[in-house]
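# Analysis of the macromolecular model
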Amino acid sequence: MTAAKPAHPPPSSSSFLRGLLLALAVITLITFIHFSLKSLRSPLRYDSLTPPPTLLKVLAENDSEDLGDVYHLPEMFKLNYAEMEKKFKVYIYPDGDPNTFYQTPRKLTGKYASEGYFFQNIRESQFRTDDPDQADLFFIPISCHKMRGKGTSYENMTIIVQDYVESLISKYPYWNRTLGADHFFVTCHDVGVRATEGVPLLVKNSIRVVCSPSYDVGFIPHKDVALPQVLQPFALPAGGNDIENRTTLGFWAGHRNSKIRVILAQVWQNDTELDISNNRINRATGHLVYQKRFYRTKFCICPGGSQVNSARIADSIHYGCIPVILSNYYDLPFNDILDWRKFSVILKENDVYQLKQRLKEISHAEFADLHNNLVKVQKHFQWNSPPIKYDAFHMVMYDLWLRRHVIKY
């Protein structure tokens, strides 16, 4: 009697699962090949990529404005700027000591010019609303200018600012909806920066619009905004389209109030091609000698001073001299909008020792391109009263507009 053959063991669940996955893979591969071949035989349809009619209308309205290539995304800038002009609303808190807050700084000149112009511009602009329920952002009108004029100490300034902000928080519901994320304040001079740094909830949560936007002292680029420091009025008209008159390679004169400025003066003050002064130019040497040197210079050196920023950058742009940024950790004004490398030269502070070599490596054609682009951005570094389209005020408002999206509880 022969023994019966042993039966085959039933397939395990793991073997069944592997077979199922293999079958699905084969089906997926066949489907992919089928649609790939089909797409090769039929033309690509672009109707799904066509912008919506509203976008085309806005772009057509702005088509006459040639923004050039100095912007990261020129068409997107046009579209967002047009939307900002139509929709952006800011509520200005009305409270505070009239001798301290809600006051335009004493003058629209000197170190406070940018701060003063913004205070004045926002009050007379179409962006202001008296209805807080319509507001995208809330402006806290803190200006330490008057406090400084009265000789108030930094410690007392901080207490005054803190008391004011806490009064707004207790009186109005708007801060608590976002913990201040849709609130902003503007200060250009380092006095205001130091006074507000003593109020952690203001620095951490709200949008800081400051002239000294340094990465290494708490400035947060995606939250805060770099305010251009512009000393107006300018003594002389704007320069530009005058390349043939610019025969000096580089120029700088100023106080040696930072390490980089000291090194710059020590290394290059006796150079025959770079016009580097060991101190500010004495007015006794002639009328507007300092400003006139901008007109005949190709590259104007802009090292950081007591802060990373320098008003010399805006001076250089106004007079048509290519600014050479020589300051580490500096978030340049409108950096998320403008491509600074198209109209300036950006160096690290360690490059100061090779400064002349770096500038001479720039060809005449490259210099001409930089100069032509510089003329295009001059309007962005000019304050006006009342404000006009694309000027410094509107560019700051556009930066704020980009930061308006917050969750409100």
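Structure report, in brief. Predicted model only: the values in this text are computed from it and were never measured. (Residues numbered from 1 in each chain as written. Predicted model: local features only at pLDDT ≥ 70, side-chain atom pairs only at ≥ 80, totals over all residues. Heavy atoms only, no water.)

## Notes on the overall build of the protein
For clarity, the threshold we go by: In this text, helices come from DSSP runs of H or I with a minimum length of four residues, and strands from runs of E with a minimum of two, each type numbered from the N-terminal end. Whether two residues are in contact is decided by their heavy atoms, any of which lying within 4.5 Å being enough. The method behind every accessible area is Shrake-Rupley, applied with a 1.4 Å probe, and residues are considered shielded solely by the protein chains displayed.
Scanning the protein from N- to C-terminus turns up 15 helices and 11 strands. In the protein, once contacts between residues fewer than 6 apart in sequence are set aside, the share between residues at least 24 apart is 71%. With the model as given, the accessible surface of the protein reaches about 21200 Å², and the carbon-plus-sulfur share is 55%.

## Some remarks on the packing of aromatic side chains
Rules: Here the aromatic set is Phe, Tyr and Trp, taking the six-membered ring for Trp, and pairing holds for ring centres within 6.5 Å; pairs whose planes are under 30 degrees apart are stacked, those over 60 apart are edge-to-face, and all others are tilted. The classification of residues rests on relative accessible area computed with a 1.4 Å probe and restricted to protein chains. Under 20% of the type maximum is buried, over 50% is exposed, and intermediate values are partly exposed.
The final tally for this structure, using the stated rule, is 32 aromatic pairs. Plain terms: the ring middles of Phe118 and Phe139 are 5.7 Å apart, the flat faces sit at 75° to each other, and that makes the pair edge-to-face. Of the two residues, Phe118 sits in helix H4 (residues 113–123) while Phe139 sits in strand E3 (residues 137–139), which places them 21 residues apart along the sequence. The same class applies to Phe118 as to Phe139, namely buried.

## Quick notes on the state of the cysteines
Note the threshold: When two cysteine sulfur atoms are found within 2.5 Å, that pair is recorded as a disulfide.
Throughout the structure, instances matching the rule amount to two disulfides. With a sulfur-sulfur separation of 2.1 Å, Cys300 is cross-linked through a disulfide to Cys321. Of note, the bridge from Cys300 to Cys321 carries an S-S torsion of about 105° and is right-handed in sense. Taken as a pair, Cys300 in strand E9 (residues 297–303) and Cys321 in the loop between helix H12 (312–318) and strand E10 (322–326) lie far apart in primary sequence, 21 residues in all.

## Re the environment of Lys348
Looking at the element boundaries, Lys348 is found in the loop between strand E11 (345–347) and helix H13 (355–360). Accessibility expressed as a relative area gives 60% for Lys348, which makes it exposed. Once the C-alpha coordinates of Lys348 and Ile325 are considered, the two residues, 23 residues apart in sequence, prove to be 8.0 Å apart. Not counting chain neighbours up to four residues away, the residues in contact with Lys348 comprise Leu326 and Asn328.

## Let's talk about unusual backbone geometry
Going from Gln232 to Pro233, the amide bond is cis rather than trans, its omega being 5°. Within the secondary structure layout, Pro233 lies in the loop between strand E6 (225–226) and strand E7 (248–252). Here the amide bond leading from Ser385 into Pro386 is cis, since omega sits at 0°, within 30 degrees of zero. One can find Pro386 in the loop between helix H14 (364–377) and helix H15 (392–402).

## A few points about the pairing of strand E5 (residues 207–210)
Filter applied, for reference: One requirement defines pairing of two strands: DSSP has to find at least two bridges between them.
Both faces of E5 are covered, namely the face carrying Ile207 and Val209 and the face carrying Arg208 and Val210. With four bridges joining them, strand E4 (residues 183–187) and E5 adopt parallel strand pairing. Of the residues in E5, the one forming a bridge with Thr187 is Val210. Bridge count for E5 against E6 is two bridges, and the pairing is parallel.

## Remarks on helix H10 (residues 259–268)
Every buried residue belonging to H10 is among Ile260, Arg261, Ile263, Leu264, Ala265 and Trp268, and all of these are buried. Next to the buried residues of H10 lie E7, strand E8 (274–276), E9, H12, E10 and H13.

## Describing the pattern of salt bridges
Which entries qualify depends on this criterion: Throughout this description, the term salt bridge denotes a Lys or Arg side-chain nitrogen within 4 Å of a carboxyl oxygen of Asp or Glu.
Going through the model one piece at a time under the given rule, you end up with 12 salt bridges. Residue Glu83 is joined to Lys87 by a salt bridge in which the shortest nitrogen-to-oxygen separation is 3.4 Å. Here the residue Glu83 and the residue Lys87 both occupy positions in helix H3 (residues 74–87), the gap between them amounting to four residues, near one helical turn. Classification of Glu83 as partly exposed rests on a relative accessible area of 27%.

## Brief notes about the sheet that holds E10
The line we're drawing: Angular values range over 0 to 180 degrees, each being the angle between N-to-C directions of two axes fitted as lines to C-alpha atoms, with helices fitted over their stretch in contact.
Here five strands make up an open sheet; going across it, the order is E8-E7-E9-E10-E11 and the pairing parallel. Both outer strands of the open sheet, E8 and E11, are each paired with one neighbouring strand and no more. Shown here is a sheet whose adjacent strand axes are inclined to one another by a mean of 20°, direction ignored. One ladder, built from three bridges, connects E7 with E9; its direction is parallel. When the sheet's bridge partners are listed, Gly250 is paired in E9 with Phe299.

## Description of the nonpolar core
The line we're drawing: In these notes, a set of buried Ala, Val, Leu, Ile, Met, Phe, Trp, Tyr and Cys residues joined through side-chain atoms within 4.5 Å is what counts as a nonpolar core. An automatic or database domain assignment is the source of the domain bounds shown.
The biggest cluster of nonpolar side chains holds 83 residues, and the ones touching the most others in it are Phe118, Phe184, Phe299, Met397 and Leu400. The element contributing the most residues to this core is H15, with eight residues. Formed jointly, this core draws a minimum of three residues from each of two domains, domain 1 (71–232 + 386–404) and domain 2 (243–381). In contact with Phe299, other than residues within four places in its own chain, are Leu249, Gly250, Phe251, Cys321, Ile322, Val324, Val345, Leu359, Ile362, Phe367 and Leu370. Grouped together as the second largest cluster of nonpolar side chains are 21 residues, Ile142, Val165, Trp175 and Leu202 included.

## With respect to the pairing of E4
Most of E4 sits inside the fold, with five of its five residues counted as buried. The side-chain alternation of E4 yields two buried faces, one formed by His183, Phe185 and Thr187 and the other by Phe184 and Val186. Pairing geometry for E3 and E4, over two bridges, is parallel. Paired with Phe138 across the two strands is His183, which belongs to E4.

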